[in-house]
Amino acid sequence: MLAGWISGLASGGHSRRIKFQRSPRAIIIPAGALAMLILYGSPFSSRVNKLRYIANHIGLDYEHVPLSPLKGETRTPEYLRIHPAGKIPAMVDDDFALFESMAIARYLASKAASPIYPQELRARAIVDQWCEFVTHHVEGGMLKVFFNRVMIPLFKLPVEVDTRSEQDGLAWLDRYLPIIEGQLGEHAHVAGEALTLADFALLAALDPAEVASVDLTTYPSLTNWRGRMRDEPFYAACYSRYSDIVDAFR
Ligand SMILES: N[C@@H](CCC(=O)N[C@@H](CS)C(=O)NCC(=O)O)C(=O)O
């Protein structure tokens, strides 16, 4: 049996160490965890927060271990067994490890048979469609802006601000957010009338808007939807606003 340790802060804010053991089948099993389901990754990451929103909304019993790639906490041999690229988020559910945030999102919703990821073939395909659109175009655009405007100066990252990438990100948002605005002008939620995974994906992707000085008020339906979503208990269970997380580093 192999054993190792990763330091982390539990969701309750208490310092704790989590022991990992490797089973004969080489699957990482967290020992000493309070919950069987563990979500890894700093709340600085909107991809991590997407999963926390979903787990909170579904009412899953989970533990959040906010490992930071910037502190090297995702490069330990133990964590690399969970995510071979050392990225966040990742998840361990009992003896099952998974990475890639949308794969984890689908797993969590499916595990709970939640209507946020419908079973019916076409309804599910529409949710997948909007999740992909949000992930590749909206999240992709926002992260380019966020990385250059916030991450590089805040963490004094040893790279130059890439203004072309920043402008690309803004151009993506200018191109793709009107499509989301049109959708939310006609429907209560991103993939139609029902709350789905696509809403959580979009909410998390747009969370950095204020700290990255991206003005979303020019999209009234989107702004209204965002206000409704951020009033939900799943959001308050994470923070009052995403900017609280960023401000804590200033
Ligand atoms: N497509 C992946 C992206 C994962 C990713 O790039 N995560 C970032 C943080 S949001 C990360 O871990 N960066 C640190 C690194 O690349 O080492 C997902 O959705 O999970």
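Thresholds, definitions, all that
- Residues numbered from 1 in each chain as written.
- Predicted model: local features only at pLDDT ≥ 70, side-chain atom pairs only at ≥ 80, totals over all residues.
- Heavy atoms only, no water.
- Salt bridge = Lys/Arg side-chain N within 4 Å of Asp/Glu carboxyl O.
- Helix = DSSP H or I, 4+ residues; strand = E, 2+ residues; numbered from the N terminus.
- Buried < 20%, exposed > 50% of the residue type's maximum accessible area, 1.4 Å probe, protein only.
- Arc of directions from axis to C-beta.
- Axes fitted to C-alpha atoms, helices over the stretch in contact; angles between N-to-C directions.
- Parallel < 35°, antiparallel > 145°, perpendicular 65-115°, else oblique.
- Left-handed = near helix turned anticlockwise from the far one by under 90°.
- Contact = heavy atoms within 4.5 Å.
- Pairing = 2+ DSSP bridges.
- Near = heavy atom within 4 Å.
- Polar contact = N/O pair within 3.5 Å; in protein donor to acceptor, adjacent residues only side chain to side chain.
- Areas by Shrake-Rupley, 256 points an atom, 1.4 Å probe, with all protein chains shown as cover.
- Nonpolar A, V, L, I, M, F, W, Y, C, P; charged D, E, K, R; others polar.

K.L.:
So what's going on with the pattern of salt bridges? Residues and values would help.
P.N.:
If charged atoms from side chains of opposite charge come close, those side chains can pair. If you walk through the whole model with that rule in mind, you get eight salt bridges. Linking arginine 106 and aspartate 128 is a salt bridge whose minimum nitrogen-to-oxygen distance equals 3.0 Å. Of this pair, arginine 106 sits in helix α3 (residues 101–111) while aspartate 128 sits in helix α4 (residues 121–154), placing them 22 residues apart in sequence. On the accessibility criterion, arginine 106 (18% relative accessible area) is buried. With its nearest N and O atoms 2.7 Å apart, the salt bridge here joins glutamate 166 to arginine 149. Here glutamate 166 is found in helix α5 (residues 163–186), whereas its partner arginine 149 is found in helix α4, with 17 residues between them in sequence. Of the residues examined, glutamate 166 reaches a relative accessible area of 11% and is grouped as buried. When its relative accessible area of 30% is taken as the criterion, arginine 149 is described as partly exposed. One salt-bridge network, held together by shared partners, links Arg106, Asp128 and Glu132.

K.L.:
I'd like a rundown of helix α7 (residues 220–230), residues and numbers included.
P.N.:
When α7 is considered as a whole, its buried residues turn out to be Leu222, Trp225, Arg226, Met229 and Arg230. With its buried residues spanning 125 degrees around the axis, α7 presents them on a single face.

K.L.:
Outline the packing of helix α1 (residues 46–58) against helix α6 (residues 197–206), supporting the account with residue identities and numerical values.
P.N.:
Following both chains from N to C, one finds α1 and α6 inclined at 140 degrees, their axes separated by 8 Å at the closest point. It follows that α1 is oblique to α6 by the angle criterion. Two packed elements cross with a definite hand, and for α1 against α6 that hand is right-handed. Across the interface between the two elements, Ser46, Lys50, Tyr53, Ile54 and His57 from α1 touch Leu197, Phe200, Ala201, Leu203, Ala204 and Ala205 from α6.

K.L.:
If you had to explain the sheet that holds strand β7 (residues 96–99) to someone new, which residues and values would you point to?
P.N.:
What holds strands together in a sheet is hydrogen bonding between their backbones, with the strands either parallel or antiparallel. Reading across from one edge, β5-β4-β6-β7 is the order of the four strands in this open sheet, with mixed pairing throughout. Of all the strands in the sheet, the pair left with one neighbour each is β5 (62–65) and β7. Each neighbouring strand pair of the sheet contributes to a mean axis angle of 15 degrees, computed without reference to strand direction. Pairing analysis gives four bridges linking strand β4 (residues 37–40) to strand β6 (residues 90–93), with the strands arranged antiparallel. Pairing of isoleucine 38 across the sheet is with valine 92, part of β6. Strands in contact with α1 are β4 and β5; relative to β5, the strand with the most contacts, it is inclined by about 160 degrees.

K.L.:
Tell me about the site of the ligand, and please be specific about residues and values.
P.N.:
The local shell around the ligand consists of Ser45, Arg47, Pro69, Arg75, Lys87, Ile88, Pro89, Glu100 and Ser101. In the environment of the ligand, an oxygen atom lies 3.2 Å from a nitrogen or oxygen atom belonging to the side chain of arginine 47. At a separation of 2.9 Å, an oxygen atom of the ligand approaches a polar side-chain atom of lysine 87. Out of a free accessible area of 520 Å², the ligand has 73% covered by protein chains. Of the residues that constitute the shell around the ligand, the class distribution is three nonpolar, two polar and four charged.

K.L.:
Run through the packing of α4 against α6, naming residues and quoting values.
P.N.:
In the contact formed by α4 and α6, the axes pass within 9 Å of each other and the chain directions differ by 5 degrees. Classified by the angle between their axes, α4 and α6 sit roughly parallel to one another. Of α6, the residues touching α4 (which contributes Val127, Trp130, Cys131, Val134, Val138, Glu139 and Met142) are Leu197, Ala198, Ala201, Leu202, Ala205 and Leu206. Tallied by class, the residues present in the contact of α4 with α6 amount to twelve nonpolar, no polar and one charged.

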